[in-house]
Amino acid sequence: MSSTMLKEPKMTLPIRSAVPTPVPGVVPAETPAIPALLVDRVTKRFQVARKKAPVVAIANVSLRLERGGTIGILGANGSGKSTLIRLVSGLLTLDEGRVEVFGHDLEREEMAVKRLINRVSVDAAFFKKLSPMENLLFAARLYGIDSGFARRETVRITERLGIARKRLGRPVEQLSRGMQQKIAIARALLTSPALLLLDEPTTGLDPRSKLDVQTFIEEIRKTHDASIVLTTHDLDEAERLCDEIIVLNDGKVVAQGSPEELKRLVAERYGQAPTMHSVFMTYTGRSLDDDIAEEEAEDE
Amino acid sequence: MTALTHELKASYAFIERNFFLSRRYWGWEIAFLIYSAAGALSISLIGAQAGDPRLLLTLMVGAIFWNYLSVVFSWIAETIAIERWEGTLEYTMMAPIRRSTHLLGAVAYAMVYGLIHTLAILVAVVLFFPDLSFAHANIATVAGFMVLGSFSFVGIAMLAAILPLLFVERGAQMAFVLQSVLLLVSGVYYSISILPGWMQVISHVSPATYAIDGVRKGLIDGVPLSELTGDIWPLLVMGTLFIPFGLWAFGRAEKYAKRTGKLKRVG
Ligand SMILES: Nc1ncnc2c1ncn2[C@@H]1O[C@H](COP(=O)(O)OP(=O)(O)OP(=O)(O)O)[C@@H](O)[C@H]1O
Ligand SMILES: [Mg+2]
């Protein structure tokens, strides 16, 4: 474990003026605007086996997303990205810390928060025998959206994402994975979330569909005044869409800043090429050997 | 829009979705109907063979109304299981609705579905035994006990719905266990007086015991509701206790699932 720590550069960036990095526990008094999302020293552990120490999936993570911004979360498999998204979605309870969405406390004002957010996850989960339209109508009703409006919006959004209208009436199971993913994005947009949580929304899409979705994300950001949290393994996507990036490693924030700042930092400090690829490699420098070594240490 | 109409509209989401599901799986619905009707008939035929019209009616009522209660029970109990199966559970749990709204929708659909299903079986069985006469039947009693019976079953069904939250894999099967125990102790096909004493204790806390007894007395002997208070008040009490308890337990289970990360399967 200690050898891993040594190898990892754990520097975070100096505080930027436009997007203040949260000082743990303190919301800077000079920022009057309510952030879209405030995650304050959040920790989440999972008890995976009875006698073992719990897995710390998220360790003391803080972040602040201003209204209209897009924050990207990068990290290796198992670094805690989806867990963080689930914590903000209220699908997992916080062990420590607090989360606020547009000033509403997640635990105390659950309903208010739920109305403001929606989430797209890697797996496009639907009632597979039902049609996209039936699935989206169900989602719309849960959010109190009128069915006539929901039908029109569904057609509009899916057309925009390149799904033929006639597909909307056939069972979801007949659609390809990429199409299902687009329907999942449409489901989230239907409820006009002020905070959109996207957990690998473009994983498994072909290059053109990926581009469709990315363009669409940019568009809704502008037209819907949405703030976005995005996790992705596509570094170009992160660079293109995000104003700010957080790199997670083992549930901890190991780097934070705009794509430009991070690239400059790895170039200056570690002599790497100034690319997102180097950023990712530098900050998630964890090899399979580390993982096995850790497991052995735990077993002792 | 007031909060109440908002919640009612949201619970309609579940009614409509379940209707979509039944419509999409219509072939299976017909198969299920045949299965239920065949089951009710074969049990009734035991009475026919004994040449005892009263036994025939007793068994028939038991089979048909147990079927009603178990259909209502399963639709409610499976609310979580089907979403678990499809993977949509996290999305539904994220929606800005109260859990009571969610369960109210499930209950309403379960009752409507159960009524239609039971009516179809009733027609099939009556056609099969044309000599049976329901001239004495007190329809108000039958209807009253169906409503009371489902009301008192709702809370128990909610408890069963919790199981898939707690036991990711086998939760749905455990609901069947609960159902078969209820069948055993509730005097559906025989009088509970023949059960061992300790089992009769359980019989008295099963709402099915009173509901089926009431339906039987109304349908076979035409006893009016006013004379069946002994069956009515336990159902009212149980419904009033079990529903809030079911909701409370559901909330606890949801918290537990969110703490331990049991809502998710993939991603
Ligand atoms: N529900 C759960 N129960 C137990 N452990 C969990 C659960 N969810 C996540 N974990 C653990 O928490 C850690 C972080 O997982 P998470 O899914 O957040 O990673 P991720 O960054 O999204 O990975 P990927 O890139 O593969 O999607 C992992 O060690 C994982 O095993
Ligand atoms: Mg993930």
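Structure first, text after, so check above.
Here the structure is a predicted model, which is why all the values come from computation and not from measurement.

*Asks:* Is there a simple way to think about the overall build of chain A in this case?
*Replies:* Scanning chain A for helices and strands turns up 11 helices and 10 strands. Once local pairs closer than 6 in sequence are excluded, the contacts in chain A between residues at least 24 apart make up 68%.

*Asks:* I keep staring at the packing of aromatic side chains and nothing clicks. Help me out?
*Replies:* What characterises a pair of aromatic rings is the spacing of the ring centres plus the angle enclosed by the ring planes. Tallied over the full model, the rule gives 13 aromatic pairs over all chains. When the centroid spacing of 6.4 Å and the interplanar angle of 90 degrees are considered together, the rings of Y270 of chain A and Y283 of chain A count as edge-to-face. A residue pair is termed long-range when its members are at least 10 positions apart, and Y270 of chain A in helix α9 (residues 259–270) and Y283 of chain A in helix α10 (residues 276–283) qualify at 13 residues. Under the relative-accessibility criterion, Y270 of chain A is labelled partly exposed at 29%. Taken together, F127 and F138 of chain A together with F14 of chain B form an aromatic cluster joined through their ring pairs.

*Asks:* I keep staring at the packing of helix α6 (residues 177–190) of chain A against helix α7 (residues 207–223) of chain A and nothing clicks. Help me out?
*Replies:* Two measures define how a pair of helices packs: the angle their axes make with one another and the distance between the axes. Residue and element names in this part refer to chain A. Between α6 and α7, whose axes approach to 12 Å, the crossing angle comes to 10 degrees. Put simply, α6 runs roughly parallel to α7. Along the contact surface, α6 presents K182, I185 and L189, while α7 presents S209, D212, V213, F216 and I220. For the contact of α6 with α7, a count of residues per class yields 5 nonpolar, 1 polar and 2 charged.

*Asks:* Would you mind showing me how to read the side chain of S131 of chain A here?
*Replies:* Along the polypeptide, S131 of chain A turns up in the loop between β6 (117–120) and α4 (132–142). Of note is the side chain of S131 of chain A, whose polar atom sits 3.4 Å from the backbone oxygen of L168 of chain A. Every residue in contact with S131 of chain A, bar those within four places of it in the chain, is listed here: L168, G169, R170, P171 and V172 of chain A together with R24 of chain B.

*Asks:* Explain the nonpolar core to me, please; I cannot follow it from the model alone.
*Replies:* What tends to happen in soluble globular proteins is that the nonpolar side chains get buried as a cluster. One finds L37, V39, V99, L195 and V229 of chain A together with L165 of chain B to be the most contacted residues of the largest nonpolar core, which totals 158 residues. Of all the elements, helix α3 (residues 53–86) of chain B adds the most residues to this core, at 17 residues. Other than its neighbours up to four places away in sequence, V229 of chain A contacts L37, L65, I71, I73, I85, L195, L196, L197 and L198 of chain A.

*Asks:* Please explain the site of ligand 1 as it appears in this structure.
*Replies:* Surrounding ligand 1, one finds 16 residues, the nearest of these being G78, K81, S82 and T83 of chain A together with G261 of chain B. Around ligand 1, the nearby residues trace back to chains A and B. Interatomic distance of 2.7 Å between a side-chain N/O atom of K81 of chain A and an oxygen atom of ligand 1. Calculation on ligand 1 without its partners gives an accessible area of 630 Å², and the protein chains cover 76% of this total. Sorting the residues of the shell around ligand 1 by element identifies β2 (55–65) and α2 (81–89) of chain A as the ones contributing at least two each. Among the elements that line the shell around ligand 1, the one with the most residues is α2 of chain A, at 3 residues. Residues belonging to the shell around ligand 1 are distributed by class as follows: 5 nonpolar, 8 polar and 3 charged.

*Asks:* Honestly, the pattern of salt bridges in this entry has me stumped. Any pointers?
*Replies:* A side chain with one charge can pair with a side chain of the opposite charge if their charged atoms come near. Under the criterion given, the structure shown has 31 salt bridges over all chains. Linking R98 of chain A and D40 of chain A is a salt bridge whose minimum nitrogen-to-oxygen distance equals 3.2 Å. Separated by 58 residues along the polypeptide, R98 of chain A in strand β4 (residues 96–101) and D40 of chain A in strand β1 (residues 37–46) bring together distant segments of the chain. The network of salt bridges with shared partners includes E110 and K114 of chain A together with R99, E254 and K258 of chain B.

*Asks:* Looking at this structure, how should I read the interface of chain B and chain A?
*Replies:* Many authors give the size of an interface as the accessible area that is lost as the parts come together. Every contact between the two is made by 35 residues of chain B and, on the other side, 38 residues of chain A. Of the roughly 3400 Å² buried at the junction of chain B and chain A (both faces included), carbon and sulfur atoms supply 60%. Where chain B meets chain A, there are 6 salt bridges. Between E90 of chain B and R86 of chain A there is a salt bridge, with the nearest N and O atoms lying 2.6 Å from each other. Counting across the interface, chain B meets chain A through 12 residue pairs in polar contact (both at pLDDT 80 or more). Contributions of two or more residues to the side of chain B that touches chain A are made by α1 (3–24), α3, α4 (89–94) and α10 (229–260) of chain B. Broken down by element, the side of chain B that touches chain A gets its largest block of residues, 11 residues, from α1 of chain B.

*Asks:* Just to check I follow, could you spell out the environment of S180 of chain B for this structure?
*Replies:* Residue and element names in this part refer to chain B. With respect to the helices and strands, S180 occurs in helix α7 (residues 171–185). S180 gets classed as partly exposed once you look at its relative accessible area, which sits at 41%. Along the backbone, S180 and I30 are 150 residues apart, and their C-alpha atoms lie at a distance of 23 Å.

*Asks:* Please explain empty space enclosed by the protein as it appears in this structure.
*Replies:* One way to see where empty space is left: roll a probe the size of a water molecule over the atoms. This model, assessed by the stated rule, comprises 5 cavities of 30 Å³ or more. If you add up the space inside the largest cavity, you get close to 130 Å³. Forming the boundary of the largest cavity are 13 residues, of which A139, L142 and R187 of chain A together with Y91 and T92 of chain B lie nearest the centre. Of all elements in the fold, only α4 of chain A together with α4 of chain B reach the threshold of two or more residues within the lining of the largest cavity. Looking at the lining of the largest cavity, the element that brings in the most residues is α4 of chain A, giving 4 residues. Residues that form the lining of the largest cavity fall into these classes: 7 nonpolar, 5 polar and 1 charged. Lining the second largest cavity are R86 and D123 of chain A together with R84, G87, L89, E90, Y91, L263, K264, R265 and V266 of chain B. By residue number, the principal contributor to the lining of the second largest cavity is α4 of chain B, which donates 3 residues. Of the residues in the lining of the second largest cavity, the class split is 4 nonpolar, 1 polar and 6 charged.

Calculation criteria
- Residues numbered from 1 in each chain as written.
- Chains lettered and ligands numbered in written order.
- Predicted model: local features only at pLDDT ≥ 70, side-chain atom pairs only at ≥ 80, totals over all residues.
- Heavy atoms only, no water.
- Helix = DSSP H or I, 4+ residues; strand = E, 2+ residues; numbered from the N terminus.
- Contact = heavy atoms within 4.5 Å.
- Phe/Tyr/Trp six-rings, centres within 6.5 Å; stacked < 30°, edge-to-face > 60°.
- Buried < 20%, exposed > 50% of the residue type's maximum accessible area, 1.4 Å probe, protein only.
- Axes fitted to C-alpha atoms, helices over the stretch in contact; angles between N-to-C directions.
- Parallel < 35°, antiparallel > 145°, perpendicular 65-115°, else oblique.
- Nonpolar A, V, L, I, M, F, W, Y, C, P; charged D, E, K, R; others polar.
- Polar contact = N/O pair within 3.5 Å; in protein donor to acceptor, adjacent residues only side chain to side chain.
- Core = buried A, V, L, I, M, F, W, Y, C linked by side-chain atoms within 4.5 Å.
- Near = heavy atom within 4 Å.
- Areas by Shrake-Rupley, 256 points an atom, 1.4 Å probe, with all protein chains shown as cover.
- Salt bridge = Lys/Arg side-chain N within 4 Å of Asp/Glu carboxyl O.
- Buried area = accessible area lost by both parts, 1.4 Å probe.
- 1 Å grid on protein atoms, 1.4 Å probe; cavity = no way out; pocket = protein on both sides within 12 Å on 5 of 7 lines; lining within 4 Å.
- Points joined across faces, edges and corners; volume = space filled by probe spheres on them.

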